[in-house]
Amino acid sequence: MDPAVVGRRVRALREERGISLSTLARLAGVGKATLSGLEHGTRNPTLETLWAVTAQLGVPFTALLAEPAAEPTVHGAAVTATLLEVFTDTDATYELYRMRVAPGVTQLSPAHHPGVTEHITVFAGVLRAGPADAPLTAPAGGHLRWVSDVPHTYAAVGGEEVAASLLLRYPRR
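Residues numbered from 1 in each chain as written. Predicted model: local features only at pLDDT ≥ 70, side-chain atom pairs only at ≥ 80, totals over all residues. Heavy atoms only, no water.

Per an unreviewed UniProt entry, the chain carries the name Helix-turn-helix transcriptional regulator and comes from Micromonospora parastrephiae.

1. Focus: the environment of Pro114
Short version of the rule: Under the scheme used here, helices are H or I runs from DSSP no shorter than 4 residues and strands are E runs no shorter than 2 residues, and both carry numbers assigned from the N terminus. Contacts are residue-level and defined by heavy atoms, with any inter-residue pair within 4.5 Å sufficient.
Mapped onto the elements of the fold, Pro114 is located in the loop between β4 (106–109) and β5 (117–124). Spatially, the C-alpha atom of Pro114 lies 8.7 Å from that of Tyr170, the residues being 56 residues apart in sequence. Excluding residues within four positions of it along the chain, Pro114 makes contact with Asp149, Pro171 and Arg173.

2. Describing the side chain of Ser109
Definition in use: Buried, partly exposed and exposed residues are distinguished by accessible area as a fraction of the type maximum, computed with a 1.4 Å probe on protein chains only: under 20%, between the cut-offs, and over 50%, respectively. Here a polar contact is taken to be a pair of N or O atoms separated by no more than 3.5 Å, where protein atoms must pair a possible hydrogen donor with a possible acceptor and residues adjacent in sequence count only if both atoms sit in side chains.
Tracing the chain through its elements places Ser109 in strand β4. Overall, Ser109 belongs to the buried group, its relative accessible area being 1%. Of the polar contacts made by the side chain of Ser109, one reaches the side chain of Gln107; its length is 3.2 Å.

3. What about the pattern of salt bridges?
How we decide: What counts as a salt bridge is simple: a side-chain nitrogen of Lys or Arg found within 4 Å of a carboxyl oxygen of Asp or Glu.
Using the criterion set out here, one finds 6 salt bridges in the structure. The residue Arg14 makes a salt bridge to Glu15 at a minimum N-O spacing of 4.0 Å. For Arg17, the salt bridge goes to Glu16, with nearest N and O atoms at 3.5 Å. The network of salt bridges with common partners includes Arg11, Arg14, Glu15 and Glu39.

4. A word on the pairing of β4
Put simply, the rule reads: By definition, two strands form a pair when at least two bridges between them are found by DSSP.
Only one face of β4 is buried, namely the one carrying Gln107 and Ser109, since none of Thr106 and Leu108 on the opposite face is buried. Here 4 bridges tie β4 to strand β9 (residues 152–156), and the two strands are oriented antiparallel to one another. Across the sheet, the residue bridging to Gln107 is Tyr154, located in β9.

5. Topic: the pairing of β5
Pairing analysis gives 5 bridges linking β5 to strand β8 (residues 143–147), with the strands arranged antiparallel. What sits directly across from Ile120, in β8, is Leu144. Sheet topology places β5 next to strand β10 (residues 162–171); 7 bridges connect them, and they run antiparallel. Across the sheet, residue Ile120 finds its bridge partner in β10, namely Leu166.

6. Some details on the UniProt feature "domain: HTH cro/C1-type" (unreviewed entry) in the chain
Stated formally: UniProt positions are given in the numbering used here, feature names are shortened, and annotations may be inferred rather than shown by experiment.
Feature annotation in UniProt places "domain: HTH cro/C1-type" (unreviewed entry) on residues 10–64, given in this structure's numbering. When the span residues 10–64 is considered, its composition is 62% helix and 0% strand, and the gap between its end C-alpha atoms is 6 Å.

7. What about the sheet that holds strand β7 (residues 136–138)?
For clarity, the cut-off: Axis lines are fitted to C-alpha atoms, over the contacting stretch for helices. Their N-to-C directions set the angle, which ranges from 0 to 180 degrees.
The antiparallel open sheet is built from 4 strands, whose spatial order is β4-β9-β6-β7. Edge positions in the sheet fall to β4 and β7, since each has one partner strand and no second. When the angles between neighbouring strand axes are averaged without regard to direction, this sheet yields 15°. Pairing geometry for strand β6 (residues 127–131) and β9, over 5 bridges, is antiparallel. Residue pairing for β9: Gly130 is matched across the bridge by Thr153.

8. Some points on helix α1 (residues 3–16)
Spelled out, the test is: A helix is expected to span 1.5 Å multiplied by its residue count minus one.
Across its 14 residues, α1 extends 20 Å between first and last C-alpha, which sits within 8% of the 20 Å expected from 1.5 Å per residue. Of the positions making up α1, those classed as buried are Val5, Val6, Gly7, Val10, Leu13 and Arg14. In this fold, the buried residues of α1 make contact with α2 (21–28), α3 (32–39) and α4 (47–57). Directly after α1, the chain includes Gly18, whose backbone phi takes a positive value near 70°.

Below, the structure written as structure tokens:
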């Protein structure tokens, strides 16, 4: 994922909505200097920062990418996610990711915009994920689902890396 491309998209989306840099930084819970660096392509943002910004802009994460078919990979504190496909229907946009969760680290992700849901199928390992105040657990072969318009976490339980698929559903606004 090219930081310059992401930065241009963030700025364009922010300006389309008439939101100042200061306001978006405050709403997303990121520093103004961080957001400015992101927009100028001089900072390599974390997954958590990008999801915080897209939630406040009311767009799917893939709205920041120039070519979704390129299978970009993003990294968070614990999660590495590779975009596999983006598809839409009349009432929602979906993003499908291949996801790995490293053991020993818990990732706290910011809330997405209202109504966004996450659906995870675990292929290997044991995953604890979901709302930060009430996470869910699934072993290999299990499935988790939650409304992710609240802060949420991801953590591998035990010493084994988790392999999973993540489907994000963004309702049309």
